[in-house]
Amino acid sequence: MTTQAISISGELVDNGHRLTQRVYYEDTDFSGLVYHARYLHFLERGRTDYLRCLGVEQSALIGMDEEGLVFVVHRMEIDFKAPARMDDVLLIATKTIKAGGAKMVLEQEIRRGEQLLIAAKVVIAVVNRNGRPRRLPEDLARQFLGEDVRETPK
């Protein structure tokens, strides 16, 4: 039996982030298939660990300045392509399409091997601690877009 070391938080890749998750009994319904709402949990884990791998601590953002900064899901579109089953190993891929102003747009996929199971587009609103829209700081936007934040535009 061969084993493969996988980081518990996934890994950053050229076009975003990848996270591996196993489907457990608790994720399934009476049919043995993953219950549709559980996919939201897998997608959330992908987004959360994407931030973690980027070095962005959500708990620190709320106190980053006098306004605070919080990410909230504003809109989500999900296409259910095929079901996952108990014991499947899933790959959750997350990439940033847009980051700037008061929102980010992420694309997410859940795959079993090469088979696409879920395709999602997630619009994230950037708000302050009072729930009012605020601009995403430029260095943070560049970080989400995979740009080196140490480089300064000329």
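First, a word on what this report is: a plain description of the structure on this page. (Residues numbered from 1 in each chain as written. Predicted model: local features only at pLDDT ≥ 70, side-chain atom pairs only at ≥ 80, totals over all residues. Heavy atoms only, no water.)

An order of 1-2-4-5-6-3 is seen for the 6 strands of this open sheet, with the pairing classed as antiparallel. Only two strands of the sheet have a single partner each, and these edge strands are strand 1 (11-13) and strand 3 (70-80). Across this sheet, the average inter-strand angle for adjacent strands is 25°, counted without regard to direction. Relative to strand 6 (residues 115-127), strand 3 is paired through 10 bridges, and the arrangement is antiparallel. Counterpart to valine 70 in the pairing with strand 6 is valine 127. Sheet strands in contact with helix 1 (residues 38-54) are strand 1, strand 2 (16-22), strand 3, strand 4 (89-100), strand 5 (103-112) and strand 6, and its direction is about 130° off that of strand 2. (Pairing = 2+ DSSP bridges. Helix = DSSP H or I, 4+ residues; strand = E, 2+ residues; numbered from the N terminus. Axes fitted to C-alpha atoms, helices over the stretch in contact; angles between N-to-C directions. Contact = heavy atoms within 4.5 Å.)

Structurally, the position occupied by serine 9 is in the segment before strand 1. Overall, the relative accessible area of 14% leaves serine 9 in the buried class. Once residues within four sequence positions are removed from consideration, serine 9 is found in contact with His17, Leu19, Asp49, Arg52 and Cys53. (Buried < 20%, exposed > 50% of the residue type's maximum accessible area, 1.4 Å probe, protein only.)

Where strand 1 meets strand 2, 3 bridges bridge the pair, whose relative direction is antiparallel. The residue of strand 2 that forms the bridge with valine 13 is glycine 16. Here strand 1 hands over to strand 2 after 2 residues, the two strands then running antiparallel side by side. Looking at chain direction, strand 2 and strand 4 are connected through 6 bridges and run antiparallel. Directly across from threonine 20, in strand 4, lies its bridge partner leucine 91.

Below, the discussion takes up the packing of aromatic side chains. Applying the stated criterion across every chain yields a total of 4 aromatic pairs. Here tyrosine 50 and phenylalanine 144 contribute two aromatic rings whose centre-to-centre distance is 6.2 Å and whose plane-to-plane angle is 70°, an arrangement assigned as edge-to-face. Within this pair, whereas tyrosine 50 is found in helix 1, its partner phenylalanine 144 is found in helix 3 (residues 138-144), the two being separated by 94 residues in sequence. The class for tyrosine 50 is buried, based on a relative accessible area of 3%. Take phenylalanine 144: its relative accessible area is 3%, and that puts it in the buried class. Through a chain of ring-to-ring contacts, the aromatic side chains of Tyr39, Phe42 and Phe80 assemble into a single cluster. (Phe/Tyr/Trp six-rings, centres within 6.5 Å; stacked < 30°, edge-to-face > 60°.)

A few words on unusual backbone geometry. Even without glycine at this site, aspartate 87 takes up a positive phi of about 75°. Structurally, the position occupied by aspartate 87 is in the loop between strand 3 and strand 4.

Position of lysine 81 relative to the elements: it lies in the loop between strand 3 and strand 4. On a C-alpha basis, the gap between lysine 81 and isoleucine 118 in space is 5.7 Å, while along the polypeptide they are 37 residues apart. The contact partners of lysine 81, leaving out residues within four places of it in the chain, are Leu116 and Leu117.

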